Amino acid sequence: MRKQQKSENDLLKTYARIITLTLVLVVMAVISTKHFSSVDSIGTKSLELEHSRMLYVLAMVKSQWLNQGRPDSLKLNWEDITVGSGNKQLETDSLGTSSNIIKMSKQGWPQLNEPSSKGCKELWQQLMASDLHDLKAAVSYQNETEICRFSTEQSGSISYQGISGRVIFIDSKS
């Protein structure tokens, strides 16, 4: 009789371990599902933030363009822009190059140096003062509409049309 009771106790312990292990695996699956879905939304939020930042930068550039009398080109130097700096960005260039001189349209929107995806990358770097490798974005240029498109696999794309200054964010999940 004692052997049978010991066997039953061992079997109950084994069942309890199986149930505990199953519960732990279910909890881990739920947590990992929540985590990986939030990782995708982080990518979307990053591109959404870049969209907002691009709108802000374009407004600043247009304001500078108007302030300086609507020139054909504008020199950007983000490191020297501080409160009360005014036209200080025109006086010095910390890089010592003309890489941050952008062409402006008659309507006051930044233009590409060359109509290609390379020109789009250069314009992004000049305006946003950041590299596209951080976003892992692919860059394309559409000749017909003259639109630069910066897109990521997970979170959609940002399109910029230099003619009209339109910036459009398209979420890939909608």
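To be clear, the structure that these remarks concern was listed above.
Attention here is on the structure that accompanies the text. (Residues numbered from 1 in each chain as written. Predicted model: local features only at pLDDT ≥ 70, side-chain atom pairs only at ≥ 80, totals over all residues. Heavy atoms only, no water.)

### Some words on the overall build of the protein chain
(1) Moving on: A count of helical and extended segments in the protein chain gives 3 helices and 7 strands.
(2) Moving on: The N-to-C order of helical and strand elements in the protein chain reads α-β-α-β-β-α-β-β-β-β.
(3) Moving on: In the protein chain, of all internal contacts separated by at least 6 residues, the share reaching a separation of at least 24 is 48%.
(4) Moving on: Accessible surface computed for the protein chain: about 11600 Å², of which carbon and sulfur atoms make up 57%. (Helix = DSSP H or I, 4+ residues; strand = E, 2+ residues; numbered from the N terminus. Contact = heavy atoms within 4.5 Å. Areas by Shrake-Rupley, 256 points an atom, 1.4 Å probe, with all protein chains shown as cover.)

### Some points on the environment of Leu-132
(1) Moving on: If you trace the backbone, Leu-132 turns up in the loop between helix H3 (117-128) and strand E4 (138-142).
(2) Moving on: Separated by 11 residues in sequence, Leu-132 and Lys-121 have C-alpha atoms that sit 7.5 Å apart.
(3) Moving on: Sequence-distant contacts of Leu-132, that is, excluding residues within four places in its chain, are made with Lys-121, Trp-124, Ala-137, Val-139 and Phe-150.

### Quick word on the nonpolar core
(1) Moving on: If you look at the biggest cluster of nonpolar residues, it comprises 27 residues, and the most contacted ones within it are Met-54, Val-61, Ile-102, Trp-124, Leu-127 and Phe-150.
(2) Moving on: For this core, the secondary structure elements donating two or more residues are helix H1 (2-67), strand E2 (101-104), H3, E4, strand E5 (147-152) and strand E6 (156-161).
(3) Moving on: The biggest single contributor to this core is H1, with 6 residues.
(4) Moving on: With residues near it in sequence (within four places) discarded, Trp-124 still touches Glu-50, Met-54, Ala-129, Ser-130, Leu-132, Leu-135, Phe-150 and Ile-158. (Core = buried A, V, L, I, M, F, W, Y, C linked by side-chain atoms within 4.5 Å. Buried < 20%, exposed > 50% of the residue type's maximum accessible area, 1.4 Å probe, protein only.)

### A closer look at the sheet that holds E2
(1) Moving on: Spatially, 3 strands are ordered E1-E2-E3 in an open sheet, and the strand pairing comes out antiparallel. Of all strands in the sheet, those bounded by a partner on one side alone are strand E1 (73-75) and strand E3 (110-111).
(2) Moving on: Sheet topology places E2 next to E3; 2 bridges connect them, and they run antiparallel. Residue Lys-103 lies in a different strand from E3, and its bridge partner there is Gln-111.
(3) Moving on: Of the strands in this sheet, E2 and E3 touch H3, which is tilted by about 110° from E2. (Pairing = 2+ DSSP bridges. Axes fitted to C-alpha atoms, helices over the stretch in contact; angles between N-to-C directions.)

### A word on the state of the cysteines
(1) Moving on: Considering all chains together, one arrives at 1 disulfide under this definition.
(2) Moving on: Paired through a disulfide, Cys-120 and Cys-148 show a sulfur-sulfur distance of 2.0 Å. Residues Cys-120 and Cys-148 are joined by a disulfide whose S-S torsion is about -80°; by sign, that bridge is left-handed. With a gap of 28 residues between them, Cys-120 in helix H3 and Cys-148 in strand E5 connect regions that are remote in the sequence. (Disulfide = S-S within 2.5 Å.)

### A short note on the sheet that holds E5
(1) Moving on: Strand order in the open sheet formed by 4 strands is E4-E5-E6-E7, and the pairing between neighbours is antiparallel. Strands with a single pairing partner mark the edges of an open sheet, and in this sheet they are E4 and strand E7 (166-170). Averaged over all pairs of adjacent strands, the angle between their axes in this sheet comes to 15°, without regard to strand direction.
(2) Moving on: When E6 meets E7, the two strands line up antiparallel, connected through 5 bridges. Paired with Gln-161 across the bridge in E7 is Arg-166.
(3) Moving on: Its contacts with the sheet put H3 on E4, E5 and E6, and the angle it makes with E4 is roughly 120°.

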